[in-house]
Amino acid sequence: MDMADRLVEDGYRDAGYVYINVDDCYMEKARDSRGRLVADKHRFSQGMQKLGRYIHSKGLKYGMYESVGSTTCMDYPGSWEHIAQDVQSFKEWEIDMFKFDGCFTEHEKLDKSYPEMGRALNKTGRPILYSCSWPYYFFAAGKPFNYTQLPHYCNMWRIYHDIDDSWNSISSIIKFYGDNQDLLTSVAGPGHWNDPDMLIIGNFGLSYEQSKTQMAMWAVFAAPLFMSNDLRDIRPEFKDILLNRKVIAVNQDPQGIQGRRVYSVAGIQVWTRPILPIGSHAVVFLNLRIDGTPYKFSISLRDIGLTNHKGYQVEEIFLNYDYGTLHSGDEFKCRINPTGVVMITAKVQGSNEL
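Being a predicted model, the structure only gives us computed values, none of them experimental.

Trainee: Tell me about the overall build of the protein, and please be specific about residues and values.
Mentor: For the protein, the count of helices and strands is 12 helices and 14 strands. Its C-alpha atoms give the protein a radius of gyration of 21 Å, near enough to 20 Å, the size a compact globule of 354 residues would have. For the protein, the C-alpha atoms occupy an extent of roughly 70 × 45 × 40 Å along the three principal directions. Each of the 354 residues in the protein was classed as buried or not, and the buried ones make up 53%. Expressed as a percentage of contacts within the protein between residues at least 6 apart in sequence, the contacts between residues at least 24 apart total 68%. Where the 38 positive side-chain charges of the protein centre and where its 43 negative ones centre are 3 Å apart.

Written out as structure tokens, the structure reads:
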């Protein structure tokens, strides 16, 4: 409930962070005599529905968790052979989002259960955002997976290892996205997204520059933005990153097009994402080097795919710095801090949205 209060009172809800999600371990270790999930009697003494109604009273949405197998990842009751029964509980609890994990489960059961759960959620009549871990468990086992089926069943899906509070984790996710971008961009779009896992900005493992990097890259990835942090004592500079409306606008661009890595040399990368108005782009200049000094970088807009003959109005959106009008043959020059980013929007000249 504290996190719900913080989302509202500190401006996160108004910036678009509207989900409060309950993860594993919220239930008792055994189902009741009728086979239903039971809320932990100490932590949720008034039940899960009561929590959901408090969240809804704040104008927020309520997310819930379960897992495919007989047990969850933390050894609580799983949904195997209980999907219809559990979905009835979720309907009664009035959830708005559901994450379905897949620990300790045979791959054949995953292929059966993820579509089955999606159909059951749809039958509730509630608009429930459905988050699947389905492809991750095939990736982790080195097994082939048909990604094209995902948009038919899920709204978002985990594709890589759990994030942890470290730069190594962030950089490995960025590498995975770049190395697999042809596959990942082919299945992403409005209503169905690749999920690189949560924002860890405001914890202890990332520097200020690295926190900007995660926010920028998740925006270019068109990734779902869910925070995993303690909003009660977050430092102001990290809060400002999370509430940056211009970066959030890139993330939420209505076209839903996932960005791509278009340049990668000696630890310097350039990522671009089409945004509105048509012909415009968000661009992230990323420095993966750790040699202790900002890197001077320049490249022509043409060489990163910005070729509109009208030119672009260019703005750095963390610093709110206006570069003015640049054309495709012009060089863009910047200094990128180690493990940091420079992030710009390049909006086509003559648009009413400039």
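Here the narrative resumes.
Trainee: For the nonpolar core, give the residues involved together with the corresponding values.
Mentor: By size, the foremost hydrophobic cluster in this structure holds 89 residues, and its most contacted members are Tyr 17, Tyr 26, Met 64, Phe 98, Met 215, Trp 218 and Met 343. In this structure, Tyr 17 is in contact with Leu 7, Tyr 12, Leu 60, Leu 199, Met 215, Leu 225, Met 227, Leu 242, Leu 243 and Ile 248, ignoring residues within four places of it in sequence. Within the second largest apolar cluster, 19 residues are counted, among which are Val 270, Phe 297, Phe 332 and Ala 346.

Trainee: Can you tell me about helix α5 (residues 107-122), naming the residues and giving the values?
Mentor: Note on helix geometry: an α-helix contains 3.6 residues per turn, so any two residues three or four positions apart are oriented the same way. Across its 16 residues, α5 extends 23 Å between first and last C-alpha, which sits within 8% of the 22 Å expected from 1.5 Å per residue. Regarding α5, the residues found buried are His 107, Leu 110, Ser 113, Tyr 114, Pro 115, Met 117, Gly 118, Ala 120 and Leu 121. On its buried face, α5 sits against α4 (83-93), β3 (97-101), β4 (129-132), α6 (134-141) and α7 (150-153).

Trainee: Please give an account of the pairing of strand β2 (residues 61-67) that cites residues and values.
Mentor: The side chains of a regular strand alternate, first on one face of the sheet and then on the other. Among the 7 residues of β2, 6 are classified as buried, and the element is accordingly described as predominantly covered. Bridge count for strand β1 (residues 19-21) against β2 is 3 bridges, and the pairing is parallel. In the sheet register, Ile 20 faces β2, and the bridge partner there is Tyr 62. Crossover handedness for the path β1 to helix α3 (residues 48-57) to β2: right-handed. Sheet topology note: the β2/β3 ladder contains 5 bridges and is parallel.

Trainee: Go over the packing of α5 against α6 with me, naming the residues and quoting the values.
Mentor: It is the contact of α5 with α6, at a shortest axis distance of 10 Å, that shows an interaxial angle of 165°. Between α5 and α6, the interaxial angle falls into the category roughly antiparallel. Here α5 runs over α6; the crossing is left-handed. Together, His 107, Leu 110, Asp 111, Tyr 114 and Pro 115 of α5 and Trp 134, Tyr 137, Phe 138 and Ala 141 of α6 make up the contact between the two elements. Residue classes in the contact of α5 with α6 are distributed as 7 nonpolar, 1 polar and 1 charged.

Trainee: I'd like a description of the state of the cysteines, backed by residues and values.
Mentor: What we call a disulfide is simply a covalent bond connecting the sulfur atoms of a pair of cysteines. By the definition in use, this model includes 2 disulfides. Sulfur-sulfur distance for the disulfide between Cys 132 and Cys 154 comes to 2.1 Å. Across the S-S bond of Cys 132 and Cys 154 the torsion is about -95°, and the bridge reads as left-handed. Of the two residues, Cys 132 is situated in strand β4 and Cys 154 in the loop between α7 and β5 (156-158); the sequence distance between them amounts to 22 residues. Residues Cys 132 and Cys 154 agree in their burial class; the two are buried. Cys 73 supplies the cysteine sulfur nearest to Cys 25, a cysteine that is in no disulfide, at a spacing of 9.4 Å.

Trainee: So what about the packing of helix α8 (residues 167-179) against helix α10 (residues 208-220)? Which residues, and what values?
Mentor: Two numbers describe how α8 lies on α10: the axes approach to 11 Å, and their chain directions differ by 25°. By the angle between their axes, α8 is roughly parallel relative to α10. Handedness of the α8/α10 crossing: left-handed. Contacts between α8 and α10 pair Trp 167, Ile 170, Ile 173 and Ile 174 from the former with Gln 210, Thr 213, Gln 214, Met 217 and Trp 218 from the latter. Of the residues contributing to the contact of α8 with α10, the split by class is 6 nonpolar, 3 polar and no charged.

The rules behind the values
- Every chain is numbered on its own, with residues counted from 1 as its sequence reads.
- Two thresholds apply to this predicted model, a pLDDT of at least 70 for residue-level local features and 80 or more for giving and counting side-chain atom pairs, whereas whole-chain, interface and lining totals are computed over all residues.
- Think of the side-chain values as coming from all heavy atoms in the structure, minus any hydrogens and water.
- For the purposes of this entry, the term helix denotes a DSSP run of H or I that reaches at least four residues, the term strand denotes a run of E that reaches at least two, and both are numbered from the N terminus.
- With C-alpha atoms as the basis for the radius of gyration, the globule rule is written as 2.2 Å multiplied by the number of residues raised to the power 0.38.
- Partly exposed describes any residue whose relative accessible area lies between the buried limit of under 20% and the exposed limit of over 50%, with all areas from a 1.4 Å probe on protein chains only and scaled to the type maximum.
- The contact criterion used throughout is that any non-hydrogen atoms of two residues lie within 4.5 Å.
- Neither His nor the chain ends is counted toward charge; the positive residues are Lys and Arg and the negative residues Asp and Glu.
- Charge positions are represented by NZ for Lys, CZ for Arg, CG for Asp and CD for Glu.
- Residue types Ala, Val, Leu, Ile, Met, Phe, Trp, Tyr and Cys, when buried and joined through side-chain atoms within 4.5 Å, form a set referred to as a nonpolar core.
- Here a helix's expected span is defined as the number of its residues, less one, multiplied by 1.5 Å.
- We treat two strands as partners when DSSP finds at least two bridges between them.
- Crossovers are marked right-handed if the path from the first strand over the helix to the second runs clockwise, as seen with the strands pointing away from the viewer.
- Lines fitted to C-alpha atoms define the axes here, with helix axes fitted over just the stretch in contact, and angles between the N-to-C directions of these axes take values from 0 to 180 degrees.
- We call two directions roughly parallel when the angle between them is under 35 degrees, roughly antiparallel when it is over 145, roughly perpendicular when it lies between 65 and 115, and oblique otherwise.
- Two helices cross in a left-handed way if the nearer one is turned anticlockwise from the farther one by less than a right angle. They cross in a right-handed way if the turn is clockwise.
- Gly counts as polar in this scheme, as do all residues outside two lists: the nonpolar Ala, Val, Leu, Ile, Met, Phe, Trp, Tyr, Cys and Pro, and the charged Asp, Glu, Lys and Arg.
- Criterion for a disulfide: a pair of cysteine sulfur atoms at a distance within 2.5 Å.

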